[in-house]
Amino acid sequence: MKPTAAVVVNKEDVGRLVFPSEPVRLSPDHRAQLLRKVDRALHLGNGEHGKCRILFRDTEGLKAVETTIWSVDDKAIVLKYGHAIPLVRVIDVEMPL
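Throughout, residues of each chain are indexed from 1 in the direction in which the sequence is written. With pLDDT at 70 or above as the cut-off, local features in this predicted model cover only qualifying residues; side-chain atom pairs require 80 or more to be listed or tallied, and sums for whole chains, interfaces and linings still use all residues. Only hydrogens and water are set aside when side-chain values are computed; all heavy atoms of the structure are taken into account.

The way it works is that DSSP assigns letters per residue, a run of H or I at least four long becomes a helix, a run of E at least two long becomes a strand, and they are numbered from the N terminus. By definition here, a helix of n residues has an expected span of 1.5 Å times n minus one. Over its 21 residues, helix 1 (residues 28-48) runs 30 Å from end to end, which matches the ideal 30 Å to within 8%, given 1.5 Å per residue. Burial here depends on accessible area, computed with a 1.4 Å probe over protein chains only, as a share of the maximum for the residue type. Under 20% is buried, over 50% is exposed, and the range in between is partly exposed. Taken residue by residue, helix 1 has Leu34, Lys37, Val38, Ala41, Leu42, Leu44 and Gly45 as its buried positions. Around the axis of helix 1, the buried residues are gathered within 160 degrees of arc, so they sit on the same side. What points out from helix 1, more than 90 degrees from its buried face, is the exposed set Pro28, Asp29, Arg36, Arg40, His43 and Gly47. Elements that come into contact with the buried residues of helix 1 comprise strand 2 (52-57), strand 4 (71-72), strand 5 (76-78) and strand 7 (90-94). A positive backbone phi angle near 55 degrees is found at His49, which sits one or two residues after helix 1. Throughout, the arc means that of the directions going from the helix axis to the C-beta atoms. Contact between two residues is taken to exist if any of their heavy atoms lie within 4.5 Å; hydrogens are not considered.

Have a look at this one:
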């Protein structure tokens, strides 16, 4: 079975998405690694205005957005325009090398 491809959305459309409250299932190790990636992406965005790719799940399925992370708190990743992705719905954050 082939993995499902993520639907790429524009950062401006993130505010229209609906997110379930339950977290996506990740191992504790994956979750810890993800939080380190989020922190690195935040510094990349604030320091160098670098973009990252955030992979997440909303009510419709797997999505991805390429954007700059403006801020992070214990509940969400905040993007430009104040749109937020709940941390419990994020699967991965990819950054350029």
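This part is about the sheet that holds strand 5. Paired strands are those between which DSSP finds at least two bridges. Pairing in this open sheet of 3 strands is antiparallel, and the strands run 4-5-6 from one edge to the other. Looking along the sheet, the strands with just one partner apiece sit at the ends: strand 4 and strand 6 (84-86). Examined bridge by bridge, strand 4 and strand 5 share 2 bridges and lie antiparallel to one another. Of the residues in strand 5, the one forming a bridge with Val72 is Ile77.

Let us look at the pairing of strand 2. Bridging between strand 2 and strand 3 (residues 62-67) involves 6 bridges; their strand directions are antiparallel. Directly across from Leu55, in strand 3, lies its bridge partner Ala64. What sits between the antiparallel neighbours strand 2 and strand 3 is a turn of 4 residues, in which Gly61 has the positive phi angle 140 degrees. Bridge count between strand 2 and strand 7: 4 bridges; the pairing is antiparallel. Paired with Ile54 across the two strands is Val93, which belongs to strand 7.

Counting 19 residues, the largest nonpolar core has Ile54, Phe56, Ile77, Ile85 and Val93 as its most contacted members. No other element matches helix 1, which puts 4 residues into this core. With residues up to four places along the chain from it excluded, the contact list for Val93 reads Leu34, Lys37, Val38, Ala41, Cys52, Arg53 and Ile54. Only buried residues count toward a nonpolar core. Its members are Ala, Val, Leu, Ile, Met, Phe, Trp, Tyr and Cys residues joined through side-chain atoms within 4.5 Å. Leu55, Leu62, Ala64 and Ile91 belong to the second-largest nonpolar core, a separate cluster that totals 5 residues.

Pairing is mixed across the open sheet formed by 4 strands, whose spatial order is 1-3-2-7. Taken across any chain shown, the strands that pair with only one partner, and hence form the sheet edges, are strand 1 (7-8) and strand 7. With axes taken as lines fitted to C-alpha atoms, and helix axes fitted only over the stretch in contact, angles between N-to-C directions fall between 0 and 180 degrees. Docked against the sheet, helix 1 engages strand 2 and strand 7, running at close to 45 degrees with respect to strand 7.

Relative to the helices and strands, Thr68 resides in the loop between strand 3 and strand 4. With residues near it in sequence (within four places) discarded, Thr68 still touches Gly45, His49, Gly50, Lys51, Leu79 and Lys80.

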